[in-house]
Every structure is written in structure tokens, then in C-alpha cells.
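Coordinate inspection notes
What follows is the residue order along each chain.
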Amino acid sequence: MTIEDTGPHPQAFDLETETLKNPNYRTVAWSGTYLQVTLMSIPVNGVIGLEKHPDTDQFIRLDRGRGRAQMGPSKNELTFDEEVTDGWCVIVPAGSWHNVTNIGDEPMQVYTVYAPQHHKPGKVQQTKAIADADTDDAPADWSVQPEPVADQHA
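Here's what I pulled together on the structure shown here. Bear in mind the structure is a predicted one, so any value in this text is a computation, not a measurement. (Residues numbered from 1 in each chain as written. Predicted model: local features only at pLDDT ≥ 70, side-chain atom pairs only at ≥ 80, totals over all residues. Heavy atoms only, no water.)

This part covers unusual backbone geometry. Residue proline 116 is reached from alanine 115 by a cis peptide bond, and omega for that bond is 5 degrees. Turning to its location among the elements, proline 116 is positioned in the loop between strand 9 (108-115) and strand 10 (124-125). A positive phi angle, close to 70 degrees, is found at asparagine 45, a residue other than glycine. A residue is classified by how much of its surface remains accessible, and asparagine 45, at 64% relative accessible area, is exposed. (Helix = DSSP H or I, 4+ residues; strand = E, 2+ residues; numbered from the N terminus. Buried < 20%, exposed > 50% of the residue type's maximum accessible area, 1.4 Å probe, protein only.)

What follows is the structure, encoded as C-alpha cells:
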């Protein structure tokens, strides 16, 4: 990878190329005061993970692969169910339970945009298991965060 999270400083890089090259479950590519960009590689049959961000809208774009995007008002009521593929985006409204599952036969390469930050700047997590166990993944102190309302994971 040739990008480095520079924090809240100007940055430019080839987002599609870096997304396609990313081998990690999550790589934080850029962390601003109000926004964060992460790259993700989801293995075959893998998931981003069912979760809800109470105060965060999220944008997810697939650059390679095939997925199943599900969203809804509760983790047991995922009323939105759409197959997505290369070039598609998934728009997740704040407060929606959501998950994207890799239903293809190759790793699903995506990038996500959060507003505000959700992860430690520059954080790299090779697998979902590592990410789930990571206790050192808080947003930067200099980022602007809403009043504390914890994300929820199923």
C-alpha cells in the first residue's frame, strides 16, 4: 500500500487502486476532523458485520466483488435486502442496523466513508477477528464527535 493516514491534513491518492490493492479487513486511509475513509477487504462468505451507528451516516462503495446489503430498524428486522456489485454503493442512514455479506467467489473490495471518525487514525486490522478484539481503536481526540452513544454490534 502506498497511502498513509496523514490526519487532518490535505491528502490525495488513487482511491480505486488503493481499495483494490488493500489485503486487510480494514485499513484507515484518511482521518479528518469530521470525516474518515477506510478500505476493506471482505473474504468470500465474510461479512462487514451487523452493526448500528446511532449518530453516523455511512457510505460504502464496492470496487470489486459481489455482496448482499441488508438494513433495517432492528437487528431482527432487516427490511432492505439488495444484491450489490462492482461500482454500486450502499448508503446507510444513521441509526440503521446494517451488514454487507460477500456472496461472490473472490474477496469483496470496498471503501467506506464515515462522518464522524469511527476508528483510530492509521489503524490496520488484517482480519475481522482482529478488528473485533481490538481494544485500541478509538477515534482521535482531535476529531469532532457527537455526544457519546456507542455503536451497537450484533
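Taken together, the side chains of Asp14, Glu16, Asp86, Asp105 and Glu106 present a region of like negative charge at the surface. Within the fold, glutamate 106 resides in the loop between strand 8 (97-102) and strand 9. Since its relative accessible area comes to 33%, glutamate 106 is described here as partly exposed. (Patch = residues over 30% accessible without salt bridge, like charges linked within 9 Å, V, L, I, M, F, W, Y side chains within 5 Å. Areas by Shrake-Rupley, 256 points an atom, 1.4 Å probe, with all protein chains shown as cover. Salt bridge = Lys/Arg side-chain N within 4 Å of Asp/Glu carboxyl O. Lys, Arg positive; Asp, Glu negative; His and termini not counted. Charge placed at Lys NZ, Arg CZ, Asp CG, Glu CD.)

The values are spatial; any link to function lies outside them.
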